[in-house]
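Chain residues, written in single-letter form:
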Amino acid sequence: MAANETGSRTATLSDVARLAGVSIATASKALNDRDDVAVATRQRVLRAAEELSFTPNAMAKGLLAGRTGTVGLLTSDLEGRFMIPILMGAEDAFGAGQVNVFLCDARGDAIREQHHLKALLSRRVDGIIVVGRQTDPRPSLGQEIPVPVVYAYAPSDDPRDLSLTPDNYVGGRMAIEHLISCGRTRIAHITGDPAYAAAQDRIAGARAALDAAGLELVGEPMFSEWTEHWGRDAAAMLLQRHPDVDAVFCGSDQIARGVLDTARDLGRRVPDDLAVIGYDNWEVLATNSRPQLTSIDANLQQLGRQAAQRVFDAIDGVDIGQGTHHLPVRLVIRGSTIPRR
């Protein structure tokens, strides 16, 4: 790309990287005089930047000049089931980069969150990861924060922010496709609070998979709490109303554990008579179930690692983009859907 090919728009780091024939990360390192870039590569990047009249973002230059080697992790529910794997993933990435982490728990309190935010900024952190307690959109911290911010699990309600969250729609579709591949056609759905975005996204994906196979859910989705107790009660009602059900897709592993209990009490063999699949792949539950529970894993540690990497990229001057990015989930097959021989 020649300088005049960018037209009237301002040249970006991507333009420089493309012209120099290197990755965006390498271009950023070369422009910031990092010592892990070959001399010839640095010269090629500098020539490309000069040709394109590229000027690094002022905020990025300021961050690089005054970097403190610290990052803030701002959570809303440190004791929550989904927080720990996300934080572990982020910590893995930070450890690899020798970054110190300040962890703050707002406990779901907006005033406490603002207090922690001010404290993090006063410590001159290089970036912030905001980890929410559920996948419903949360209020943005705003566009005036002087350091990069990445939202993990709970996306920001401002599309100008970068948010990373599990793809619950694909997860719901994946669960149903697995049950259908196991020969199941009479599939019901028991899940938690209908106000949760996760519950609605998973149902939408499940319905899409059923539609593609020319099938429908048996009865309406059954909503209530994300608990084993609800799983037991809902399964009892379901099997009384629809005794021909041959599979249950559960909105969480806790619900699925309750369904397994009721199936056993009523003499339904799992998976021979009834296949059961959960969601979250909470290993302490899934691997200690009888039989072990097939589940959808949201890859939360990977989500945490990616959030940390995006913060690193932003600190290095890379344009990390904006909007909500849905990250892949995966199916973990165990004995509740396929007999173990």
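- The name an unreviewed UniProt entry gives the chain is LacI family transcriptional regulator, with Microbacterium kyungheense as the organism.

### Observations concerning the packing of aromatic side chains
Moving on, step 1. Applying the stated criterion across every chain, the model contains three aromatic pairs.
Moving on, step 2. Here the aromatic rings of F249 and Y279 are separated by 6.5 Å at their centres, their planes lie at 45°, and the arrangement is tilted. Note that F249 is positioned in strand β7 (residues 247-250) and Y279 in strand β8 (residues 275-279), a separation of 30 residues in sequence.
Moving on, step 3. On the basis of relative accessible area, F249 is assigned to the buried category, the value being 0%.

### Digging into the side chain of S295
Moving on, step 1. With respect to the helices and strands, the residue S295 is situated in strand β9 (residues 294-297).
Moving on, step 2. Note on S295: relative accessible area 0%, which makes it buried.
Moving on, step 3. Separated by 2.7 Å, the side chains of S295 and D253 make a polar contact.
Moving on, step 4. Among the polar contacts listed, one links the side chain of S295 to the backbone nitrogen of D280, at a separation of 3.4 Å.

### Notes on the sheet that holds strand β3 (residues 127-131)
Moving on, step 1. What the six strands build is an open sheet, ordered β2-β1-β3-β4-β5-β10; its pairing is parallel. The outermost strands of the open sheet, each flanked by one partner alone, are β2 (100-105) and β10 (323-327). Averaged over all neighbouring strand pairs, the angle between strand axes comes to 20°, with direction disregarded.
Moving on, step 2. In this structure, strand β1 (residues 70-75) lies alongside β2, joined through six bridges in parallel fashion. The residue bridging V71 from the neighbouring strand is V101, located in β2.
Moving on, step 3. With respect to the sheet, helix α6 (residues 110-122) is in contact with β1, β2 and β3, its orientation differing from that of β2 by roughly 160°.

### Considerations on the pairing of β7
Moving on, step 1. Side chains A247 and F249 project from β7 onto one buried face, and the interleaved V248 and C250 project onto a second face that is buried too.
Moving on, step 2. With four bridges joining them, strand β6 (residues 187-190) and β7 adopt parallel strand pairing. Following the sheet pairing, I187 is matched in β7 by A247.
Moving on, step 3. With three bridges connecting them, β7 and β8 associate as parallel partners. Looking at β8, one finds that V248 is bridged to V276.
Moving on, step 4. Following the chain from β7 across helix α10 (residues 253-265) to the adjacent parallel β8, one finds a crossover that is right-handed.

### Description of empty space enclosed by the protein
Moving on, step 1. Taken as a whole and assessed by the stated rule, the structure comprises one cavity of 30 Å³ or more.
Moving on, step 2. Taken as a whole, the largest cavity holds about 50 Å³ of empty space.
Moving on, step 3. Of the residues belonging to the lining of the largest cavity, the class tally is five nonpolar, two polar and three charged.
Moving on, step 4. Of the residues that make up the lining of the largest cavity, three or more belong to each of domain 2 (70-166 + 300-328) and domain 3 (168-298).

### Here's the deal with the state of the cysteines
Moving on, step 1. Counted under the stated rule, the structure contains zero disulfides.
Moving on, step 2. The thiol of C182 is unpaired, and the distance to the nearest cysteine sulfur, on C250, comes to 14 Å.
Moving on, step 3. Judged by its relative accessible area of 24%, C182 falls in the partly exposed class.

### A closer look at the nonpolar core
Moving on, step 1. Among the nonpolar cores identified, the biggest contains 27 residues, and I86, F94, I129, V131, V150, A152 and L164 are the most heavily contacted of them.
Moving on, step 2. If you list the elements that add at least two residues to this core, you get β1, α5 (83-96), β3, β4 (149-152), β5 (162-166) and α12 (300-315).
Moving on, step 3. Top element by residues in this core is α12. It accounts for eight residues.
Moving on, step 4. Grouped together as the second largest cluster of nonpolar side chains are 23 residues, L238, V259, A263 and A286 included.

### A few points about the packing of helix α9 (residues 228-241) against α10
Moving on, step 1. α10 packs onto α9 with a crossing angle of 45° between their chain directions and a minimal axis gap of 6 Å. With respect to their mutual orientation, α9 and α10 come out oblique. For the pair α9 and α10, the crossing hand works out as right-handed. Residues E228, W230, G231, R232, A235 and A236 of α9 lie in contact with α10, whose contacting residues are Q254, I255, R257, G258, V259, D261 and T262.
Moving on, step 2. Grouping the amino acids of the contact of α9 with α10 by side-chain chemistry returns five nonpolar, four polar and four charged.

Reading the values: rules and limits
Residues numbered from 1 in each chain as written. Predicted model: local features only at pLDDT ≥ 70, side-chain atom pairs only at ≥ 80, totals over all residues. Heavy atoms only, no water. Phe/Tyr/Trp six-rings, centres within 6.5 Å; stacked < 30°, edge-to-face > 60°. Helix = DSSP H or I, 4+ residues; strand = E, 2+ residues; numbered from the N terminus. Buried < 20%, exposed > 50% of the residue type's maximum accessible area, 1.4 Å probe, protein only. Polar contact = N/O pair within 3.5 Å; in protein donor to acceptor, adjacent residues only side chain to side chain. Pairing = 2+ DSSP bridges. Axes fitted to C-alpha atoms, helices over the stretch in contact; angles between N-to-C directions. Contact = heavy atoms within 4.5 Å. Right-handed = clockwise from strand over helix to strand, strands pointing away. 1 Å grid on protein atoms, 1.4 Å probe; cavity = no way out; pocket = protein on both sides within 12 Å on 5 of 7 lines; lining within 4 Å. Points joined across faces, edges and corners; volume = space filled by probe spheres on them. Nonpolar A, V, L, I, M, F, W, Y, C, P; charged D, E, K, R; others polar. Domains from an automatic or database assignment. Disulfide = S-S within 2.5 Å. Core = buried A, V, L, I, M, F, W, Y, C linked by side-chain atoms within 4.5 Å. Parallel < 35°, antiparallel > 145°, perpendicular 65-115°, else oblique. Left-handed = near helix turned anticlockwise from the far one by under 90°.

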